[in-house]
Amino acid sequence: MKKWNTFSRKDFLKNSTLALTGLSMTKGLSQNMMSSDSTFQVLGGKLTYKNVRLETGFEYEEGEVIGTKTDLFLVEIENGKISKITPNQPHAKAIDAKGHLMLPSFRDMHIHLDKTFYGDKWQATRKRTNGVKGMITLEQKMLPELLKTSTQKAEKLIELLQSKGSNFARSHVNIEPTSKLQSLINLQKALENKKNTFGAELVAFPQHGVFYTDSVPFLKDAAQMDIDFIGGVDPYTIDGAIEKTIDFTVQLALDNNKGIDIHLHESGESGLKTVEYLIQKVNENPVLKGKTFISHCFVLGKLEKNKQEEVAEKLGASQIGIASTIPIGSLIMPIPTLYKYQVNVVTGNDSIVDHWNTYGTGSVLQKANLMAQLYGYNTEFLLSRSLKLATGNILPLNDQGQQQWPKIGDKANIAFVDASCSAEAVARVSPVTSLVFEGNVVY
Ligand SMILES: [Zn+2]
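Every value quoted in this text rests on a predicted model; they were computed, and no experiment measured them.

Thoughts on the coordination of the zinc ion
Moving on, step 1. The zinc ion binds to the protein through His110 (NE2), His112 (NE2), His263 (NE2) and Asp350 (OD), with metal-donor distances spanning 2.1 to 2.5 Å.
Moving on, step 2. Viewed at the metal, the 4 donor atoms of the zinc ion are separated by angles of 84 to 174°, and the geometry they form is irregular.
Moving on, step 3. In the primary structure, the donors to the zinc ion are separated according to the pattern H-x1-H-x150-H-x86-D. Residue His112 is found in the loop between β6 (106–111) and α2 (131–147), and its partner His263 is found in strand β10 (residues 259–264); the two are separated by 151 residues along the sequence. The same class applies to His112 as to His263, namely buried.

Written as structure tokens, this is what we have:
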């Protein structure tokens, strides 16, 4: 087995923060935020913000949350972490956050950074023929051309996500006989170029089936590279076998100490069988609990209410998460039921503009907004809770209104938003005005 890359991307992320803070300060400071008279400390990788709006509690009337209390603070960041939070000092020599709301930065937990038209000329999706297998044939034709510029396009896409407040993504990356390992290598280059400002975890994704095209040797090689999850797609439709494909996926994950994140679009009996079989395998191998995900899992939206509850309860108990783009239209996912059974629900843009879809905005805050609209999360309290879909389940206030983020020692992964509170940010999809990645100012 050839070792394709000699360093670990994550080690790089870990070690680079301190050394690079100074560097990012010189080129990256937000035009938006820097008032003309502000100066800032960079010694020892230190950043200080004044006029930072933080949520401090809920306002109640007859037991109902009717508003969110906030205050202004001075926030210090050192060595990539939040080091001090003190009452505001409007005249301090510090970066002026101008009263903008400080939120945990956003996380896009399902995207294909390796496979996009973004950054190139506009191209709508084409008429689909022969379902997912037809798309595989199309990809086999187009991938060699796409791969020529996939590093640059991935970097452009990362910049779009950053502009919408995300500094982390879980990206699926094609592993199949057409791309072999090239899509992964190209994406790793892009992530290496962005390592000071963006974090990622990768899913080795057999888009063309594990066995339908023989992706097995490439998946085995990829599993030994710097990836975090073994992926998959519609085992029954593509490979014609549920158990065989899931068994392979589970074994590969176990052998290499990875998680699992499979695409499942199938909505009929095969979809349900796949979900139930994966639940069974995870229960047999508890090490996979908490690191197994099903992306889309449309079948949940097609089940009767009782069955929905039953499957959601099992997913919660086996700690299998659901990555959903929050679909609208003919299929509505039972997201509230998933939350009811403590299923870890995450979201992502999936496609921004490519041969699969063209409607991605790059914003996961917009996904939280969509969820709030779809499921009637309209009150101050429920809107404020909806933010967790964008932040990967981190919320400034807990359900009782006690401050739980940021805490001293938290990684300085921060989005500043022009909003008065989380509820407003979700309802209005408020603009992101600055982003900080582990103490580095991204923009
Ligand atoms: Zn996908």
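Next comes the rest of the write-up.
Quick look at the UniProt feature "domain: Amidohydrolase" (unreviewed entry) in the chain
Moving on, step 1. On the UniProt side, "domain: Amidohydrolase" (unreviewed entry) is annotated at positions that read residues 215–443 here.
Moving on, step 2. Annotated as residues 215–443, this span is 41% helix and 16% strand, and its ends, taken at the C-alpha atoms, are 40 Å apart.

Quick notes on the packing of aromatic side chains
Moving on, step 1. Under the definition given, this model contains 6 aromatic pairs.
Moving on, step 2. Where Phe211 meets Phe248, the ring centres are 5.9 Å apart and the plane angle is 70°; that geometry is what we call edge-to-face. Pair noted here: Phe211 is in the loop between β8 (199–205) and α5 (216–223) and Phe248 is in helix α7 (residues 242–255), with a separation of 37 residues, a long-range link.
Moving on, step 3. Considering the side-chain rings of Tyr375 and Tyr377, the 6.2 Å spacing of their centres and the 40° angle between planes classify their relative orientation as tilted. Like Tyr375, the residue Tyr377 is buried in the burial classification.
Moving on, step 4. Counting every residue linked through ring pairs, the aromatic cluster contains Phe58, Tyr60 and Phe381.
Moving on, step 5. The lysine or arginine in question, Arg170, covers the ring of Phe229, its NZ or CZ lying 4.2 Å from the ring centre.
Moving on, step 6. The residue whose ring lies beneath Lys244 is Phe211, and the NZ or CZ to ring-centre distance is 4.1 Å.

Some points on a negative patch on the surface
Moving on, step 1. A contiguous patch of negative charge, built from Glu59, Glu61, Glu62 and Glu64, is present on the exposed surface.
Moving on, step 2. Examined against the element boundaries, Glu59 turns out to sit in strand β1 (residues 46–61).
Moving on, step 3. With a relative accessible area of 38%, Glu59 lands in the partly exposed category.

Structural notes on the pattern of salt bridges
Moving on, step 1. Under the defined criterion, the tally for this structure stands at 19 salt bridges.
Moving on, step 2. We note a salt bridge from Lys273 to Glu269, for which the minimum N-O separation is 3.5 Å. Of this pair, Lys273 and Glu269 are both found in helix α8 (residues 269–284), 4 residues apart, which corresponds to roughly one turn of the helix.
Moving on, step 3. Of the residues examined, Lys273 reaches a relative accessible area of 46% and is grouped as partly exposed.
Moving on, step 4. Relative accessible area serves as the criterion here: at 59%, Glu269 is assigned to the exposed category.

Digging into the sheet that holds strand β13 (residues 345–347)
Moving on, step 1. Pairing within the open sheet is parallel, and its 8 strands lie in the order β6-β7-β8-β9-β10-β11-β12-β13. Pairing within the sheet leaves two strands with one partner each, and these edge strands are β6 and β13. Within this sheet the neighbouring strands show an average axis-to-axis angle of 25°, counted without direction.
Moving on, step 2. As defined by bridge partners, strand β11 (residues 292–296) adjoins strand β12 (residues 320–324) across 4 bridges and the pair is classed as parallel. Its bridge partner being in β12, Thr292 is matched across the sheet by Ile320.

Definitions and limits used
- Residues numbered from 1 in each chain as written.
- Predicted model: local features only at pLDDT ≥ 70, side-chain atom pairs only at ≥ 80, totals over all residues.
- Heavy atoms only, no water.
- Donors = N, O, S within 2.8 Å, 3.2 Å for Na, K, Ca; no water.
- Tetrahedral: all angles 85-135°; square planar, octahedral: opposite > 155°, others 65-115°.
- Helix = DSSP H or I, 4+ residues; strand = E, 2+ residues; numbered from the N terminus.
- Buried < 20%, exposed > 50% of the residue type's maximum accessible area, 1.4 Å probe, protein only.
- UniProt positions renumbered as here; feature names shortened; annotations may be inferred.
- Phe/Tyr/Trp six-rings, centres within 6.5 Å; stacked < 30°, edge-to-face > 60°.
- Lys NZ or Arg CZ within 6 Å of the ring centre and 35° of its normal.
- Patch = residues over 30% accessible without salt bridge, like charges linked within 9 Å, V, L, I, M, F, W, Y side chains within 5 Å.
- Areas by Shrake-Rupley, 256 points an atom, 1.4 Å probe, with all protein chains shown as cover.
- Salt bridge = Lys/Arg side-chain N within 4 Å of Asp/Glu carboxyl O.
- Lys, Arg positive; Asp, Glu negative; His and termini not counted.
- Charge placed at Lys NZ, Arg CZ, Asp CG, Glu CD.
- Pairing = 2+ DSSP bridges.
- Axes fitted to C-alpha atoms, helices over the stretch in contact; angles between N-to-C directions.

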